[in-house]
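Chain by chain, the residues:
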Amino acid sequence: MGKNNQFHGQIYNALCSAAGKENVSDSEMVLVPYSFDSSPTPPARPDFVVMPRDAISVKQVLEVANRNRIPVTTMSGGVNIVGMTVPSEGGIVLDLKWMNKIIEINEDAAYAVIEPGVTFDELTARLIEKGFRCQIPTSPGGSSVTANFLMKPSGSLANRHLDSLLGLEVILPDGTIVQ
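The paragraphs below set out a description of the structure included in this document.

A look at the sheet that holds strand β4 (residues 92-95)
The sheet built from 4 strands is open, its strands ordered β1-β2-β4-β3 with mixed pairing. The two strands at the open ends of the sheet, each matched to only one other strand, are β1 (24-25) and β3 (72-75). With 2 bridges joining them, β1 and strand β2 (residues 48-50) adopt antiparallel strand pairing. Looking across to β2, one finds that S25 is bridged to V49. Helix-sheet contacts for helix α1 (residues 6-19) involve β1, β2 and β4, and the interaxial angle to β2 is about 5°. Strands β2, β3 and β4 of the sheet are contacted by helix α3 (residues 55-68), whose axis makes an angle of about 170° with β4.

Re a nonpolar patch on the surface
A cluster of nonpolar side chains, contributed by L150, L168, V170, L172 and V178, occupies part of the molecular surface with about 370 Å² of accessible area. Inspection of the secondary structure assignment puts V170 in strand β7 (residues 170-171).

Digging into the pattern of salt bridges
Enumeration according to the criterion identifies 6 salt bridges in this entry. Residue R45 is joined to E28 by a salt bridge in which the shortest nitrogen-to-oxygen separation is 3.6 Å. Separated by 17 residues along the polypeptide, R45 in the loop between α2 (28-31) and β2 and E28 in helix α2 bring together distant segments of the chain. Judged by its relative accessible area of 40%, E28 is partly exposed. Residue E63 pairs with K59 through a salt bridge whose shortest N-O separation is 2.7 Å. Residue E63 and its partner K59 are both found in helix α3; the two are separated by 4 residues, about one turn of the helix. Classification of E63 as partly exposed rests on a relative accessible area of 22%. For K59, a relative accessible area of 24% puts it in the partly exposed group.

The rules behind each value
- Residues numbered from 1 in each chain as written.
- Predicted model: local features only at pLDDT ≥ 70, side-chain atom pairs only at ≥ 80, totals over all residues.
- Heavy atoms only, no water.
- Pairing = 2+ DSSP bridges.
- Helix = DSSP H or I, 4+ residues; strand = E, 2+ residues; numbered from the N terminus.
- Contact = heavy atoms within 4.5 Å.
- Axes fitted to C-alpha atoms, helices over the stretch in contact; angles between N-to-C directions.
- Patch = residues over 30% accessible without salt bridge, like charges linked within 9 Å, V, L, I, M, F, W, Y side chains within 5 Å.
- Areas by Shrake-Rupley, 256 points an atom, 1.4 Å probe, with all protein chains shown as cover.
- Salt bridge = Lys/Arg side-chain N within 4 Å of Asp/Glu carboxyl O.
- Buried < 20%, exposed > 50% of the residue type's maximum accessible area, 1.4 Å probe, protein only.

Just distances and angles here, no functional claims.
In structure tokens:
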């Protein structure tokens, strides 16, 4: 999709409506760093980077992308080394790093409810305050807890046979929310 065409402007406006203008960029200075990671995967520049702050914004962005058949690449921690977040040329990078709330740490049942942008460092610090420990990840502390546990067995070598995720809220490409 070319930057100077009407379609680009319509999509930009729709994304701004979905996630807020302050959370959408088509600036070259923002797009270029999102076009590669430290893997040998060839770079590909997206047309937009969207950094939503809540699930409703994610839902609305995915609806815009689905309606217009625009590929979406999702990332959540920004620590990417294997090419999984190198976007499709001309697509949208959906960066979930601002969705970084630790919603609940239940001390009685020993579980935490977190958003996808929460990092191992953030979760570990909060768990220590409550007398708990986080599993030792095989990734840097600044990486996403959720993303790493979804990439089994990457989340932890200590309990690679256990499932660390007990439940997920997932937003499908058409905007449907599934729990």
